[in-house]
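# Observations on chain architecture
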Amino acid sequence: MKHTFLLLATISIFVISCKKSKIDEAPPVTITKADFALNFKPGGQSFSNADINITASPVTIPTSGENQSWDVSGLTISSTNVIAGFITPANAAFVTATYGFNYTNKFGFGALQSAGTPATDYFEVSDNGFFYLGMSTAATDVLTIASIGGTLTYAPQNIVASTRAPQINLPASFNSNNSTTNIVSNTNFIANAPAVGVNNTPGQVRFTDSINNNIFASGTLTLKNIGKVRVLVNKRSFVQKTNYFLGGAPAPTALLNLLGLTDGAITTTVSYDYYAPGLGRVGRIFCNASGTTVLSAFFRVQ
């Protein structure tokens, strides 16, 4: 009888322990359209992102798995950016846009940048994703290329993605995985460089993108000024091919060589994007093609 009592007591403790473990375990995180409603809409509430000094404060790249914890509240901040100015979209080229975001755009290649012109990015928040649709420019912009004594003139234009580019697919939960390929956008310009035989010739840069969104981690993220939030981490792989055209044909290789450009060049980057219920995206770690070297990072601080 004594042995029976001890056995029952042991079983009871085990059962209570299992129940407690289940109670203490954090519920799964799911991100939906509703989690973007506070900020990502016309007139949405502004917030602040902090760029991290990755030299002073090395940033840890997340690994795959559930119920993890990350604390970025003590990282060294290099600058803080207020994200505001979400506007009502009023451009017929982007009929599905939920909101627009105004900023100054600079065209260019690497370190070679234009003077800059007012521009608007267009985004769609829907039941099946948070999408980038493209951009529009409001004024003529000029890129001066001193090395060949020429200019590229960009007239006001709509640069529309052929397919919506997902920042994250929705609803999102741990182990969600989606891919979108052949996202094409074209930027038009007029090239003028008489010294190399180019005289006010129409040109175009074509970008062809592929995106994979893999929700590979979840857990709790501690943010400066905000505290602990539950998050999903989207490992986002972005592949872009760039092609150049001049006068309706592929740009001459000799001319591209003068500019240090390669037709058909492919670049790959990986980012780790943190999404929290009610807040949308609250951080990004931007990395090289293999996703192993941090190039930049920001996290929300307000």
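Described in the following lines is the structure provided in the data block. (Residues numbered from 1 in each chain as written. Predicted model: local features only at pLDDT ≥ 70, side-chain atom pairs only at ≥ 80, totals over all residues. Heavy atoms only, no water.)

### Comments concerning the pattern of salt bridges
- Taken as a whole, this structure holds 2 salt bridges when the rule is applied.
- In this structure, the salt-bridge partner of Arg164 is Glu124, at a minimum N-O distance of 2.7 Å. Pair noted here: Arg164 is in strand 13 (residues 158–169) and Glu124 is in strand 9 (residues 117–126), with a separation of 40 residues, a long-range link.
- Arg284 is the partner of Asp273 in a salt bridge, and the nearest nitrogen-oxygen pair spans 2.7 Å. In this pair, Asp273 is assigned in strand 19 (residues 265–276) and Arg284 in strand 20 (residues 280–287), connecting sequence segments 11 residues apart. Accessibility assignment for this pair places Asp273 and Arg284 in one class, buried. (Salt bridge = Lys/Arg side-chain N within 4 Å of Asp/Glu carboxyl O. Helix = DSSP H or I, 4+ residues; strand = E, 2+ residues; numbered from the N terminus. Buried < 20%, exposed > 50% of the residue type's maximum accessible area, 1.4 Å probe, protein only.)

### Some remarks on the environment of Ile77
- Inspection of the secondary structure assignment puts Ile77 in strand 4 (residues 77–83).
- As for Ile77 and Asn186, which are separated by 109 residues in sequence, their C-alpha atoms are 36 Å apart.
- Setting aside anything within four residues of it in sequence, one finds Ile77 in contact with Ala50, Asp51, Ile52, Lys224 and Val301. (Contact = heavy atoms within 4.5 Å.)

### Details of the sheet that holds strand 10 (residues 129–137)
- Strands sit in the order 5-6-9-10-13 across an open sheet of 5 strands; the sheet is antiparallel. Sheet topology places strand 5 (86–87) and strand 13 at the edges, where each strand pairs with a single neighbour.
- Two strands pair when backbone bridges link them, and strand 10 and strand 13 are joined in this way by 7 bridges, in the antiparallel orientation. Note that in strand 13 the partner of Gly134 across the bridge is Val160. (Pairing = 2+ DSSP bridges.)

### A closer look at the nonpolar core
- Leu221, Val231, Tyr274, Val282, Ile285 and Phe299 are the most contacted members of the largest nonpolar core, which has 23 residues in total.
- Of all the secondary structure elements, the ones that give two or more residues to this core are strand 16 (198–223), strand 17 (227–246), strand 19, strand 20 and strand 21 (294–300).
- Not counting residues within four places of it along the chain, the set of residues in contact with Val282 comprises Leu221, Leu223, Val231, Tyr274, Ala276, Phe299 and Arg300. (Core = buried A, V, L, I, M, F, W, Y, C linked by side-chain atoms within 4.5 Å.)

### Quick notes on the pairing of strand 9
- A large share of strand 9 lies buried, amounting to 9 of its 10 residues.
- Here strand 6 (residues 99–105) pairs with strand 9 via 7 bridges, running antiparallel. Within the sheet, the bridge partner assigned to Thr104 lies in strand 9 and is Pro118.
- The pairing of strand 9 with strand 10 spans 8 bridges and is antiparallel. Along strand 10, the bridge assignment pairs Ala119 with Thr137.
- Here strand 9 folds back onto strand 10, and the loop between the two strands holds 2 residues.

### As for the packing of aromatic side chains
- Taken as a whole and assessed by the stated rule, the structure comprises 20 aromatic pairs.
- Both rings, one in Phe109 and one in Tyr244, keep their centres 6.0 Å apart while their planes meet at 70 degrees; by these two values the pair is edge-to-face. Within this pair, whereas Phe109 is found in strand 7 (residues 108–109), its partner Tyr244 is found in strand 17, the two being separated by 135 residues in sequence.
- We classify Tyr244 as buried; its relative accessible area is 11%. (Phe/Tyr/Trp six-rings, centres within 6.5 Å; stacked < 30°, edge-to-face > 60°.)

In short, geometric facts, not functional conclusions.
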